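# Working through the structure, step by step
One letter stands for each residue in the lines below.
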Amino acid sequence: MHLTKLSEAFLRSAAYERRFLAKNHWDFSMVIWIPLATVLLIWWIFSQTQITDLPIGVIDQDNSAVANTAVRYLEASPTLTVRQLYYSQADAEAAILQRDIYAVVIIPEDFSRNILSSQPAPLTLQVNAQYGTHSGIIQAGVQAVASTLSAGVEIKRLVKQGVAPSQAMTAYAPISVQRISLFNAATNYQQFLASTVIPALLHILAMVIGATTIGRELRDKNIGRWYRFIDTGKPSLTLSKASKTTASLSTKQDSSDNKASLNAKMPHSVSLSVLVFGLLGKYFWPILAYSLWSALILWLATSNQNINIMSLMAVYAGFLCLMTLSFWLGAIFTLNSFSLRMGLSTTGFISAPSYAFAGVTFPYIAISDSAQYWSNALPLTHYLKLHIAQLQMQAPIAISLPIVYGLMLAAIIALLFAALLTKRALAHPERWGAR
């Protein structure tokens, strides 16, 4: 009988929330359309998996055959494209400020003469370092062109002196570096960034949903009626229309508050188990929807990879735990403050910058100790470790299983804590209605 009552509480709460979502298009969009649009938009943004043809400018003050060769080499580089030849440094700087180009290569007027006389002949690169990724790629591309051009000039000089071409190549570069990329060898930005940015954005949206789903019941003074409905089935949903008018005019506010106060009396007894199943029912539709978005993300991220099925299942389980934990954290922050506004502010403060602390774009070991403590407290950090290890590095599954278990345990504890805070909120009807 007790299990029957708990299942009824779950079903009633799910029906209660389904009716609300059907009548409130904005909340429905937060569950369905906005996360779907986020996934597809981010994946489309990174549809060009590699960065190529970054525009640069060239100021050729030498106008020699060697300088022309340098310009051709810059244009032939896959990461660079020479947008325009400039004749004054002021024009080039103006183009950089307008973001027509990201860098300018200056070939000095004595470039070929210094090469022929075996004197240093530097190329000057002025790059807009405000854009870190662009700057790094351009510097590497120009350095590769300069090294290739320099090697050709030196080898040609040695050959003219009677050295065999093979010996000339060895004499020019006796020590070389053999670089082997262990993971993401193709430098696929879609795999590296898009597949990790999307979970971070869904983490933010899930925390917002977690805060608003229970927060609107507090704000509209309907949390008591919600509990009575999931516990007893009364009042009937056909009589529950207050959720449709949450943004009513101030002239009608007094009458709605009076009705809410009549229906929002503290229940005589509150069952923690009923609250747990009631919260599960209330968040059933967001959890179901975000489980679909999780599957969509993993399908997009692994469609061109051969991933072990156990690794895929572990990542999916970790993703579901992260989304569920995000819902409960949003609810906890709102219930703890008795204010939807404070709950949303706290979720934004915690979730919005979490990607910056996750160690994906900025090395984890390079941040300060205090930042590392904060990073370790964020659930997104641990999920992205699981995500990268299994989908990009294809590490053994045993390495990442503790993360899955930890996220699962955290989600369960957060659910129980949210239920306890809901029980506390039901005991203080005088604090309902805070914005």
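Residues numbered from 1 in each chain as written. Predicted model: local features only at pLDDT ≥ 70, side-chain atom pairs only at ≥ 80, totals over all residues. Heavy atoms only, no water.

## Description of the pattern of salt bridges
Following the criterion strictly, the structure yields 7 salt bridges and no others. We note a salt bridge from Glu-17 to Arg-216, for which the minimum N-O separation is 2.1 Å. Taken as a pair, Glu-17 in helix H1 (residues 2-23) and Arg-216 in helix H9 (residues 189-219) lie far apart in primary sequence, 199 residues in all. The pair formed by Glu-17 and Arg-216 is uniform in burial state, with each residue classed as buried. (Salt bridge = Lys/Arg side-chain N within 4 Å of Asp/Glu carboxyl O. Helix = DSSP H or I, 4+ residues; strand = E, 2+ residues; numbered from the N terminus. Buried < 20%, exposed > 50% of the residue type's maximum accessible area, 1.4 Å probe, protein only.)

## Comments concerning the pairing of strand E2 (residues 80-86)
Direction of pairing for strand E1 (residues 54-60) relative to E2: parallel, over a ladder of 6 bridges. By the bridge assignment for E2, Val-58 is matched with Leu-85. On the question of chirality, the crossover connecting E1 to the parallel E2 by way of helix H4 (residues 65-76) is right-handed. (Pairing = 2+ DSSP bridges. Right-handed = clockwise from strand over helix to strand, strands pointing away.)

## A short note on the nonpolar core
Among the nonpolar cores identified, the biggest contains 77 residues, and Leu-202, Leu-279, Tyr-290 and Tyr-383 are the most heavily contacted of them. Of all the elements, helix H14 (residues 309-337) adds the most residues to this core, at 13 residues. Beyond its immediate chain neighbours, meaning those up to four positions away, Tyr-383 contacts Pro-199, Leu-298, Val-315, Gly-318, Phe-319, Leu-322, Ile-403 and Leu-407. Of all hydrophobic cores here, the second largest spans 20 residues; its members include Ala-70, Val-71, Leu-80 and Val-142. (Core = buried A, V, L, I, M, F, W, Y, C linked by side-chain atoms within 4.5 Å. Contact = heavy atoms within 4.5 Å.)

## Looking at the environment of Arg-83
Within the secondary structure, Arg-83 sits in strand E2. It is 8.2 Å that separates the C-alpha atoms of Arg-83 and Asp-100, two residues lying 17 residues apart in sequence. Discounting residues that sit within four places of it in the chain, Arg-83 has contacts with Pro-55, Ile-56, Asp-100 and Ile-101. One polar contact links the side chain of Arg-83 to the main-chain carbonyl oxygen of Asp-100, over a distance of 3.3 Å. (Polar contact = N/O pair within 3.5 Å; in protein donor to acceptor, adjacent residues only side chain to side chain.)

## Observations concerning the packing of aromatic side chains
Applying the stated criterion across every chain yields a total of 8 aromatic pairs. On the numbers, 4.9 Å between centres and 70 degrees between planes, the contact of Tyr-283 with Trp-328 is edge-to-face. Highlighted residues: Tyr-283 in the loop between helix H12 (272-282) and helix H13 (284-302) and Trp-328 in helix H14, separated in sequence by 45 residues. Of the two residues, Tyr-283 and Trp-328, neither departs from the other in class, the shared state being buried. Ring centres 4.9 Å apart and planes at 75 degrees place the aromatic pair Phe-284 and Trp-285 in the edge-to-face group. Under the relative-accessibility criterion, Trp-285 is labelled partly exposed at 28%. In textbook terms, an aromatic cluster arises when at least three aromatic residues are bridged by ring pairs, as seen for Tyr-283, Tyr-290, Phe-327 and Trp-328. The ring of Phe-20 carries Arg-216 above its face, with NZ or CZ at 3.7 Å from the centroid. (Phe/Tyr/Trp six-rings, centres within 6.5 Å; stacked < 30°, edge-to-face > 60°. Lys NZ or Arg CZ within 6 Å of the ring centre and 35° of its normal.)

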